[in-house]
Structure formats: C-alpha cells, structure tokens
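Each chain is listed here by its residues.
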Amino acid sequence: MKISKPRGTRDFLPEDTKQRRHVENILRQIVRNWGFNEIITPTFESLELFTLKSGEGIIGELYNFTDKGDREMTLRPELTAPVMRMYVNEMQAYQQPLKLFYFENCFRYERPQKGRFREFWQFGVELIGSNKADADAEVIALATYMLKAVGIKGDLHVNNLGVIRHLLNILETEHQSKIMRLVDKKDDIGLNDFLEEIDAPADLRMKLLELICLTGDEAISNAKELVGEIPEIQRFQELLTLLDTYGVEYTIDFGIARGLDYYTGTVFEIYAEGLGAQNQVCGGGSYQLIKLFGGGDVPSTGFGLGFDRIMEVCEIEAPDDKPIVIIAKDSTRLEAVKTSIKLRPHMPVYNDLMKRNFKAQLTYANNIGANHVIIIGEQEVEAGKVTLKNMNSGEQELLTIEEVILKLGKNNDTIPEKNKKR
RNA sequence: GCCGGGGUAGGGUAGCGGUUAUCCUGUAGCCCUGUGGAGGCUACGAUUCGAGUUCGAUUCUCGAUCCCGGCCCCA
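In this report, we go over the structure that sits alongside the text. Everything numeric here is computed off the predicted structure, so don't read it as measured data.

### Thoughts on the environment of Ile 376
Consideration 1: Position of Ile 376 relative to the elements: it lies in strand S14 (residues 372–376).
Consideration 2: Taking C-alpha positions, Ile 376 is 29 Å from Pro 14, a pair spaced 362 residues apart along the chain.
Consideration 3: Dropping the residues within four chain positions of it, Ile 376 is found in contact with Ile 326, Ile 327, Ala 328, Lys 329, Thr 332, Glu 335, Ala 336, Thr 339, Val 381 and Val 386.

As structure tokens, this is what we get:
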C-alpha cells in the first residue's frame, strides 16, 4: 500500500528544488544588500501567540495540537507574530532600526486551490523601531525590487489608513474595526448595511463611500477635499515622494484596508497576473504588535511575500549543473575514485556506481546532460593522465588532472556562476 | 465547511459491461567488455479505495479519498 503525501503539501523534485533555491537565493541576496539580516524562528509556537494577534477564530485554520505536557501548540501560520515574539524575548536592547528577514514554511489548515497550500513558504521582512515614512518607503521599495529581480510584474497598491481612520474616529472603536474589515473585503453591500445599522451620520457615510473608491493620481487631492489638510495626508504624501525617488510605480488606493486592527498607517498590497483567484503575491504595512506581546511601544513595518505564488509566475531558469562523468573500466575503478576526489572541489563529478560497461557509461553521461566526460582506462593510468572528452564536439585530449581543472574552470561557465550565487 | 470537474504503469494515454487492459515514453539489461545520442530485442510497471447492481465492473450507481478550479476565510 502506497502512502500518499498529506493533502495540501507538495514534493519538490530535484528540478523543482533547484529552481526554488535559485529564486530564493536571488531574493536573499537582494534583501541582504538592503541591509536586512536573516533569522529563524521555531516551526511551532504556543497557540496563544496567534490567538493573541488574531483572535480565537483563527484556530479553525491552524494545525494546532496539544503536546505531551498538555501545552497548546500550533505549527506557525505566519511569521510576523513569531518575529515580534522573538524581538520582545531577546532583542529589545538591539540598536534600532532592526532589519530582519526570514524565509520559512508556514502551515494553515485550509482548502487547497491555485496558489494556496497547507504548507507554504513565506519570504518576509520586518523593520523594527521606526515609524517614519522613510522606513515604510524602504520596505515597500524593497518588495518591488525583489519582485522585479525575479521577473514578476507586480501591481502595487498603497494606502495610509490614517486617512480613513480620521473619518471614522467619531464612531465606536468596535464599529471602526468592523468597517475596516468590510472595506478590506470590498463588501460594499455589507458596508452599506452596516452603516445603516449603526445609523452613521449621512455626511460620514457619503465621505467614506467616496473615499474608499479613490484610486490613482488624483486620489490625494480628491481625498483632501473630503477630509481636509490632515497630517495623515501629509505623511502619505511624504511616503509617495520617497517612492517616486526610489523609482517605484504605485497606485494610490484608499480601498486597501488589510482588515486588521494592528496596522497603524501605511498599508500596501502587490498583485500579479496569472494566479487566478489568489493573485496577491505580497502584502504588508506598518503595524504595532510589540506592545501586544509584552514589549514596549515600538513601531514596525514589514511585508510577506507568497513564495509559492512567486514560483507560479516567475520564469527565470536556474543555471544547469553541467556534470562531469568519469568513465572507467573494471581495472581502473579505484583510479576513477581517486580522480573524482581531486576534481570535486572544483566541479560536480559523477562516478559509475552501477558497474556498467564502457559504452553504457557513456550513454549514462549523455542522458544526464554531461558536457564533458573523463575517461580513465589502462592507457590513461599508464600515462598518468586522463582523457577529457567534449560530449558536444566529440573531441578528446589527454590531460593531467590539473589541466582538466584549469580547462573546465575556464570554459565551464557553471563554476563562476555558482560562486556568484552565494 | 460548501460548490463544480477529474483519478487507468514513474510520466502521457486507449478501452466505456466479458480484452492476456492498448500504445507512447521512462527505467534496467542485451545486441555491442575503449567511445554516447539512432535502431532492434527482453524485463519492470497501472484500472484510487469501499460498498452496491450484475453470471461478470476499469466500464453503471452510491459513499469515501486525493488532485484541479471556485466560494468562505485569509492572521
């Protein structure tokens, strides 16, 4: 009886894995160059960490369990909360701003569909300690640069929640939250009904419905007409000026709400084409979670990139490994092993492990796409050299191992390419 | 949790009440023990699971399960 993999999980074959690692390393390199440092948090955490952040309702979507010491645990559904927990536990005295990033798997008990799995990977960034527009701008710009680097055309939408909150601040806090959630869902009917239900002032109602539809270049001036010259708009403009300077293209969109109370001002989402219903590849903003987890009043900005969705639409190819195959006879197998040891610091080398005959070894080399084979037979051993055969041209030459290393180090562009990656 | 569409060797497929379950590809080996890519031959390998209808089910019915897509949700 075959055992199948759990629902919503995936096996990554060698080709898939190579591709994922390649893209992952490109992203990692960019984030490092922007001055962020990678961290790793536990795969499972206390259930409370996430219910604290998101409420009890989240439990339905978690892979939670009780451990043998009767502790309520869960596989992490996201990484912002763990990173904030880590900060509160052990990084509060660090020099700020603290620039952290992660690339880890997360788990949600949900119905799988296109771009949605039960185990999925998130690449995220958290900048802790600054509430300035400069911090928000750097984080947003970074997200767009990352997507660009892997060849994805993203559509960036930005908002500052301060504006809509300014409008709503005459209402009860709970009503404000509910409205933000409805705005986030773009549930206009539900929003209307709710405004009716709480008997919101007509003036507010009109302005709100108008505001959340504002997008594009005119949005700022239109918003000013609705709410006046409030500091939040100024702050929003400061951010946009910075984004212009970064060369980032964006759409102002007062309809982005992100639905959660802990977002403080700047919020943004990036969408990509070709992903069906799950087209959001990135989401983030500035938020205040540290206080909730028992730390100080420290502001943060961050985002999460849906790595699996990126892999769905990203078309860049990982470089080939271009393996070298050593071909030996029964009498020279030990010599082949010794040679492989000398070559392996410089290139990927395959020995025959199947005791195949000479011809079949060549066929094997051909099938795995080797550009070169190294033939070690009695003649070569006698000469103290090896035969290097180019599988594309068929040319052969008798060389010392040192000469082979020199030659393939120069001609085989795999080697420098590989070093470049790290 | 809900709604649609699907499951036949590792991958891609044909059969649609009775077949030795078809073909392509793949892998291993041989033709061919110092020269690969072609060809020939051989081997390996499948009806998702469980009930029901039937003399007989891969085929029809129901249920489960998994996959694909959508809804809900999206921290």
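### Some thoughts on helix H13 (residues 358–367)
In an α-helix, one full turn covers 3.6 residues, which means residues spaced three or four apart are oriented alike.
Consideration 1: A side-chain oxygen of the first residue of H13 lies 3.2 Å from the backbone nitrogen of Lys 359; this N-cap is Asn 357.
Consideration 2: Gly 369 sits one or two positions beyond H13 and adopts a positive phi of about 80°.

### Section: the pattern of salt bridges
Consideration 1: Considering all chains together, one arrives at 22 salt bridges under this definition.
Consideration 2: Ionic pairing is found between Arg 10 and Asp 308, a salt bridge with its closest N-O pair at 2.8 Å. Here the residue Arg 10 occupies a position in the segment before helix H1 (14–33), and Asp 308 occupies one in helix H11 (residues 307–313), the gap between them amounting to 298 residues.
Consideration 3: In this structure Asp 308 comes out as buried when scored by relative accessible area, which is 5%.
Consideration 4: Here Lys 207 ties to Asp 203 by a salt bridge, and the two come within 3.7 Å at their closest N and O atoms. Of the two residues, Lys 207 and Asp 203 both sit in helix H8 (residues 202–211), four residues apart, roughly one turn of that helix.
Consideration 5: Exposure remark for Asp 203: the relative accessible area of 47% places this residue in the partly exposed category.
Consideration 6: If you follow the salt bridges from partner to partner, you end up with Arg 21, Glu 24, Arg 28 and Glu 38 in one network.

### Some details on the protein's contact with RNA strand B
Consideration 1: Neighbouring RNA strand B are 39 residues, the closest being Ile 58, Arg 108, Leu 260, Tyr 262 and Met 391.
Consideration 2: In the interface set of RNA strand B, defined as its atoms within 4 Å of the protein, sugar plus phosphate atoms amount to 48%.
Consideration 3: Glu 110 is positioned with one of its side-chain polar atoms (N or O) 3.1 Å from a base oxygen of RNA strand B.
Consideration 4: Within the side chain of Gln 396, a nitrogen or oxygen atom sits 2.5 Å from a base nitrogen of RNA strand B.
Consideration 5: Counting only elements with at least two residues in the surface near RNA strand B, the list comes to helix H2 (47–54), H13 and helix H14 (378–383).
Consideration 6: By residue number, the principal contributor to the surface near RNA strand B is H13, which donates five residues.
Consideration 7: Residue classes in the surface near RNA strand B are distributed as 11 nonpolar, 11 polar and 17 charged.

Parameters and conventions
- Residues numbered from 1 in each chain as written.
- Chains lettered and ligands numbered in written order.
- Predicted model: local features only at pLDDT ≥ 70, side-chain atom pairs only at ≥ 80, totals over all residues.
- Heavy atoms only, no water.
- Helix = DSSP H or I, 4+ residues; strand = E, 2+ residues; numbered from the N terminus.
- Contact = heavy atoms within 4.5 Å.
- Polar contact = N/O pair within 3.5 Å; in protein donor to acceptor, adjacent residues only side chain to side chain.
- Salt bridge = Lys/Arg side-chain N within 4 Å of Asp/Glu carboxyl O.
- Buried < 20%, exposed > 50% of the residue type's maximum accessible area, 1.4 Å probe, protein only.
- Near = heavy atom within 4 Å.
- Nonpolar A, V, L, I, M, F, W, Y, C, P; charged D, E, K, R; others polar.

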